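# Per-entry structural report
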Amino acid sequence: MKIFRKTMLTLMGMSLAIGPLSAQWTGPKQKPTERKEIKYGPITPKHRTDANMESFRNYGLGQFIHWGLYAIPGNEWEGVSARKGAAASEWIRTWSGPDAPKNWKETYDNLYKQFNPKSFDAKAWAKQAKNMGAKYMIFTTKHHDGFALWPTQYSDYNISASPYKKDIVKEVVDAYTAEGIDVYLYFSILEWNNPDYLSKEPKSEEEKAKYNRFLQYTKNQLLELLTNYPQIKGFWFDGTWDASWKKAYEFTYNLEKELREKHPGLIIGSRFRNDEFESRHFDSNGDILGDYEQGWERKLPQSYEWLDGNDWDAVMTIPPNGWGYMKDWTGLYTKTTDDLLDMLMHSVSMNGNFVLNFGPDGQGNMHPGEDKLAKELGDWMKVNSEAVYGTRHAELPVTKLGYYTTKNNTLYLTVFNRPVNNIARIAVPKKSNSVPVSAEILGNKTTLKVVHSDIGLDLDKNTYYDVVLPKGFKSTRAFVIKMQLGEPKKNADKLMDAKM
Ligand code: JFZ
């Protein structure tokens, strides 16, 4: 990730130093010891309790779609791969180095004249997402290239100038909403080819006037999206790391307020704005800016404590850091269904959502590899999704077998590492008055034996419940042990300490 950020910043022609804060939101948080007076801090509470936010917490699985002009080249041009010269497939406009085509930027900026996705069928995408088990989706209305997939009044560089003409954002919002999937709109603040855009802090009067026009344009587009697509649940902001945006904290604070007033219940992640000390994601007191932590990207938290009780989601690519369409997957490690299931359960077990990215091609077709993964994930979800939807972090010692999730009086253990002795040992703190009393495997009718092993307490004051897996049971993927929780039969306190 570090390497990527460096590349990214170099490509953008900037020389920004990456401060310690960037490390903060992908690792354990360090709260400052003294509290500062902050004027442009959080607008919403750390833990919103309204219905929209409750739905967010229950999603479990989401879909991200990166679609735009970059889908046409698909990370290559005239047979030459951009792997060596661009940070990611959706960054292909920044292609540089010896392999880059002549006048590449100009070629790219004219791609909209060919954008005519003949196979695009938003309803088919939404059906696929539904079958996969996604409960929400995030769609790129406008990526860093600035090309808007909706007919915005505020720029000519939009879908109505393409041969396709029709409003793609509307098709996507309507189709997914009809399938019962909540829609969030990805929106890049940063724009590569907008003459009013500036990455550094505006200093001269001329620069200030320019950048103020840009800010007004951004605000207009966002209000326009809320007017056009009132069904949406939230915005997923990106491209907010430049000095110009960071210095505009008063504007962005007021803008966030205005968006929320216009659209009650709107969900905005922590990537939107910073406080007056330019502290991003979290303000200078370490309090989250926005409704959920939006920094988990191609990396998951190692420990639940790192999250400090914040809501969060993790967004993930299938090929290494390729968000937009990549025609050629050969020679790349592409994540497998098992990899993705592991990440899904890892996220959900720590109260996060897992969002898998798809990058359709220039005609609107998913990559065949994506179709295969969506199908396999969906097959797994059909049997096991009750361990995902609406579940929460379980307050149990972490297990090497897999991940715990819980809902009411049920505990789920999604097993990724099957024990060779077929005993799934559940460690329960001795004080707990809710322990496994019965167990089954999802998708399998047999009842499993649950034995309270007579070894007293371990030195961490846990007592053990052993779930015995049937010898003949076979599974080619992770499987879920569903346990009912109930009162312990005998009080573990009475057992002699540390018998084991
Ligand atoms: C951003 C975009 O640049 C990228 O194209 C994609 O849309 C992704 C979802 O978001 O990429 C980022 C942004 C921030 C970091 C890394 C990649 N980061 O801070 O580590």
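Residues numbered from 1 in each chain as written. Predicted model: local features only at pLDDT ≥ 70, side-chain atom pairs only at ≥ 80, totals over all residues. Heavy atoms only, no water.

The cut-off we apply is this: UniProt positions are given in the numbering used here, feature names are shortened, and annotations may be inferred rather than shown by experiment.
As annotated in an unreviewed UniProt entry, the protein chain carries the name alpha-L-fucosidase and comes from Sphingobacterium zhuxiongii. The protein chain has a UniProt comment under Function (unreviewed entry) that states "Alpha-L-fucosidase is responsible for hydrolyzing the alpha-1,6-linked fucose joined to the reducing-end N-acetylglucosamine of the carbohydrate moieties of glycoproteins." Taken from UniProt, the Sequence similarities (unreviewed entry) comment for the protein chain reads in full: "Belongs to the glycosyl hydrolase 29 family."

## Description of the overall build of the protein chain
Test applied: Elements are defined by DSSP. Helices are runs of H or I of four residues or more, strands are runs of E of two residues or more, and each kind is numbered from the N terminus. This radius of gyration counts C-alpha atoms alone. The globule rule is 2.2 Å times how many residues there are, raised to the power 0.38. For this analysis, residues touch if any pair of their heavy atoms sits within 4.5 Å.
Per the secondary structure count, the protein chain includes eleven helices and 17 strands. Whereas a compact globule of 500 residues would reach a radius of gyration of roughly 23 Å, the protein chain reaches 25 Å, a difference of no more than 12%. With respect to the principal axes defined by its C-alpha atoms, the protein chain has extents near 80 × 55 × 45 Å. Considering only intrachain contacts with a sequence separation of at least 6, the fraction spanning at least 24 residues in the protein chain is 72%.

## Brief notes about the environment of arginine 477
How we decide: For the purposes of these results, a polar contact is taken to be a pair of N or O atoms within 3.5 Å, where, inside protein, one atom must be able to donate a hydrogen and its partner to accept one; residues adjacent in sequence count only when each atom of the pair is a side-chain atom.
Tracing the backbone shows arginine 477 in the loop between strand E16 (462–468) and strand E17 (479–486). For the pair arginine 477 and leucine 341, spaced 136 residues apart in the sequence, the C-alpha separation amounts to 9.1 Å. Ignoring any residue separated from it by four or fewer positions in sequence, one finds arginine 477 in contact with Thr337, Asp338, Leu341, Glu376 and Trp380. Side-chain polar atoms of arginine 477 contact the side chain of aspartate 338, separated by 3.0 Å. Here glutamate 376 takes part through its side chain, which lies 3.2 Å from a polar atom of the side chain of arginine 477.

## A word on the UniProt feature "domain: Glycoside hydrolase family 29 N-terminal" (unreviewed entry) in the protein chain
The UniProt feature table records "domain: Glycoside hydrolase family 29 N-terminal" (unreviewed entry) at residues 35–386. For residues 35–386, helix accounts for 31% and strand for 13%, while the C-alpha atoms at its two ends are 42 Å apart.

## Describing helix H5 (residues 122–132)
The test is simple: Exposed residues in this analysis have more than 50% of their type's maximum accessible area, buried residues have under 20%, and partly exposed residues fall in between, with area computed by a 1.4 Å probe over protein chains only. An arc is given here, and it is the one of the directions from the helix axis to the C-beta atoms.
When we look at burial in H5, the residues that qualify are Ala122, Trp125, Ala126, Gln128, Ala129 and Met132. The buried residues of H5 occupy one face: seen down the axis, they fall within an arc of 160 degrees. In this structure, the buried residues of H5 make contact with strand E1 (61–65), strand E4 (136–142), helix H6 (168–178), strand E10 (352–358) and helix H11 (368–384).

## Description of the packing of helix H10 (residues 337–349) against H11
Let me state the cut-off plainly: The axes used here are C-alpha line fits, helices contributing only the stretch in contact, and every angle between their N-to-C directions lies in the interval 0 to 180 degrees. For classification purposes, an angle smaller than 35 degrees is called roughly parallel, one larger than 145 roughly antiparallel, one from 65 to 115 roughly perpendicular, and anything else oblique. For any helix crossing, the convention is left-handed if the near helix is rotated counterclockwise from the far helix by under a right angle, and right-handed if that rotation is clockwise. Side-chain classes are defined by residue name, with Ala, Val, Leu, Ile, Met, Phe, Trp, Tyr, Cys and Pro counting as nonpolar, Asp, Glu, Lys and Arg as charged, and the others, Gly among them, as polar.
As a packed pair, H10 and H11 sit with axes 10 Å apart at the nearest point and diverge in direction by 50 degrees. Put simply, H10 runs oblique to H11. Regarding H10 and H11, the two cross each other, and that crossing is right-handed. Counting all contacts with H10, which are made through Thr337, Leu340, Leu341, Leu344 and Met345, the residues of H11 involved are Leu373, Glu376, Leu377, Trp380 and Met381. Its residues assigned to classes, the contact of H10 with H11 shows eight nonpolar, one polar and one charged.

## A few points about the packing of aromatic side chains
The cut-off we apply is this: By convention, a stacked pair of Phe, Tyr or Trp rings (six-membered ring in the case of Trp) has centres within 6.5 Å and planes under 30 degrees apart, an edge-to-face pair has planes over 60 apart, and any other such pair is tilted. Placement of a positive charge over a ring is assigned whenever Lys NZ or Arg CZ falls within 6 Å of the ring centre and within 35 degrees of the normal to the ring plane.
Within the structure shown, the criterion is met by 39 aromatic pairs. Considering the side-chain rings of phenylalanine 64 and tryptophan 236, the 5.0 Å spacing of their centres and the 70 degrees angle between planes classify their relative orientation as edge-to-face. Taken together, the residues span a long stretch of sequence, with phenylalanine 64 in strand E1 and tryptophan 236 in strand E6 (residues 234–238) at a distance of 172 residues. Taking NZ or CZ as reference, lysine 36 lies 3.9 Å from the ring centre of phenylalanine 277, over its face. Over the aromatic face of tyrosine 389 sits the side chain of lysine 135, whose NZ or CZ is 4.4 Å from the ring centroid.

## Observations regarding the domain arrangement of the protein chain
Cut-off, in case you're wondering: These domain boundaries are the output of an automatic or database domain assignment. Reported buried area values correspond to the accessible surface (1.4 Å probe) lost by two parts on association, with both partners' losses combined. Here a salt bridge means any side-chain nitrogen of Lys or Arg lying within 4 Å of a carboxyl oxygen belonging to Asp or Glu.
If you check the domain split of the protein chain, you get domain 1 (51–387) and domain 2 (402–486). For domain 1 and domain 2, the distance between their C-alpha centroids amounts to 38 Å. Every contact between the two is made by 14 residues of domain 1 and, on the other side, 13 residues of domain 2. Buried surface at the junction of domain 1 and domain 2, summed over both partners, amounts to about 1300 Å²; 56% is from carbon and sulfur atoms. When residues of domain 1 are sorted by the area they lose upon contact with domain 2, Trp380, Glu386 and Ala387 head the list and together hold 39% of the total. At the surface where domain 1 touches domain 2, the tally comes to three salt bridges. We note a salt bridge from aspartate 338 to arginine 477, for which the minimum N-O separation is 3.0 Å. Across the domain 1-domain 2 interface, the total number found is eight residue pairs in polar contact (both at pLDDT 80 or more).

## As for the pattern of salt bridges
Within this structure, the stated rule accounts for 31 salt bridges. We note a salt bridge from arginine 392 to glutamate 54, for which the minimum N-O separation is 3.5 Å. One end of the pair, arginine 392, is in the loop between H11 and strand E11 (402–407); the other, glutamate 54, is in helix H3 (residues 51–58), and 338 residues separate them in sequence. One network of salt bridges, with partners in common, ties together Arg48, Asp50, Glu256, Arg260, Arg273 and Asp291.

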